[in-house]
Amino acid sequence: MPETKPHKSGYVAIIGKPNAGKSTLMNYILGSKISITTHKAQTTRHQIVGIFSDDDTQIVFLDTPGVISPKYELQKAMMKTVERARSDADLILFIHDPTDKHPTDDVIKLISSINKPVYLVVNKMDFADQEKAERSAAEIQDKMKIRSVHYVSATAGTGVPELMEEIRAGLLPGPPFYPKEDLSEHPVRFFVSELVREQIFLQFHQEIPYSCTVEVVSYDADVDIDRIHADIIVNQKSQKGMLIGKGGTAIKELGIKARESIEEFIGKQVYLELHVKVREKWREKEGWVRNLGYGK
């Protein structure tokens, strides 16, 4: 009889600086967009759990906010999420952008303080110069213990199959933690709020996206159509007018784009109603940050 391979499972934290391509990599591996991605830094605020399963493996990826020095309560909650992922994980993927001119010392300090296997994933190799990327990787290896280095493009998928094989090899035998058909442990409402927030990042500039959060007030699923009401919470009064726009044009455009991406995600028709509410300085207040679902 042919020898069957033992089933392997484990948790893998994806950690790196803002905009290094953490969410893009996880979405590529899962073949589905469950973590929002934009060209702006600090788009991810929560730990997003993505589940990869095949016949003999289940890998639970923990996509985390970019490592920053927190300045207010929301950012402190985001960094608690990174800390938690770091301690929950069996392996750590350190995602590094070799085109980033700023030092990665904050990430190195965070990851070095825990004794777990670290795989250095040098991303954006569709843009980066190979020689510079290798030099950059060597500098990181001089500062911390790295199990292996992988040069990948998270958008094109180059180098990702080899990385997955390396992750598999590093996992211990164990049963799956979730049903094999699951892609995430988050409810649909969570993804709806994230998709609305993604459109805010894509359509507005400067501080607006960083000052907003989205709360799904009600979600009524029906056979033909899901009816969703959501509040966009802003940090100060002046931002409400900007989000609504002259004659409501901005929020209408936001609603159209958000509805389209939600429909694509859930595979059915959606009625989406958005309202803007002001919660003065919510990002600075621990109670509001916690009530709005951050750092849990």
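The structure displayed is predicted, hence computed values, not measured ones.

**Observations concerning the packing of aromatic side chains**
Turning to step 1, where the next piece is worked out: Taken as a whole, this structure holds three aromatic pairs when the rule is applied.
Turning to step 2, where the next piece is worked out: Note on Phe 190 and Phe 191: the rings are 5.4 Å apart at their centroids and 80° apart in plane angle, and the pair reads as edge-to-face.
Turning to step 3, where the next piece is worked out: For Phe 190, a relative accessible area of 14% puts it in the buried group.
Turning to step 4, where the next piece is worked out: When the ring of Phe 191 is compared with that of Phe 265, the centres are 5.1 Å apart and the planes differ by 40°; the resulting orientation is tilted. Taken together, the positions of Phe 191 in helix α6 (residues 188–203) and Phe 265 in helix α9 (residues 249–266) put the pair 74 residues apart, joining distant regions of the chain.
Turning to step 5, where the next piece is worked out: Phe 191 sits in the buried class, given a relative accessible area of 6%.
Turning to step 6, where the next piece is worked out: Residue class for Phe 265 comes out partly exposed when judged on its relative accessible area of 29%.
Turning to step 7, where the next piece is worked out: Ring pairs connect the aromatic residues Phe 190, Phe 191 and Phe 265, which therefore count as one cluster.

**Some thoughts on helix α1 (residues 22–30)**
Turning to step 1, where the next piece is worked out: Across the nine residues of α1, seven count as buried, placing the element largely inside the fold.
Turning to step 2, where the next piece is worked out: Looking one or two places after α1, you find Gly 31, whose phi comes out positive at around 70°.

Criteria and thresholds
Residues numbered from 1 in each chain as written. Predicted model: local features only at pLDDT ≥ 70, side-chain atom pairs only at ≥ 80, totals over all residues. Heavy atoms only, no water. Phe/Tyr/Trp six-rings, centres within 6.5 Å; stacked < 30°, edge-to-face > 60°. Buried < 20%, exposed > 50% of the residue type's maximum accessible area, 1.4 Å probe, protein only. Helix = DSSP H or I, 4+ residues; strand = E, 2+ residues; numbered from the N terminus.

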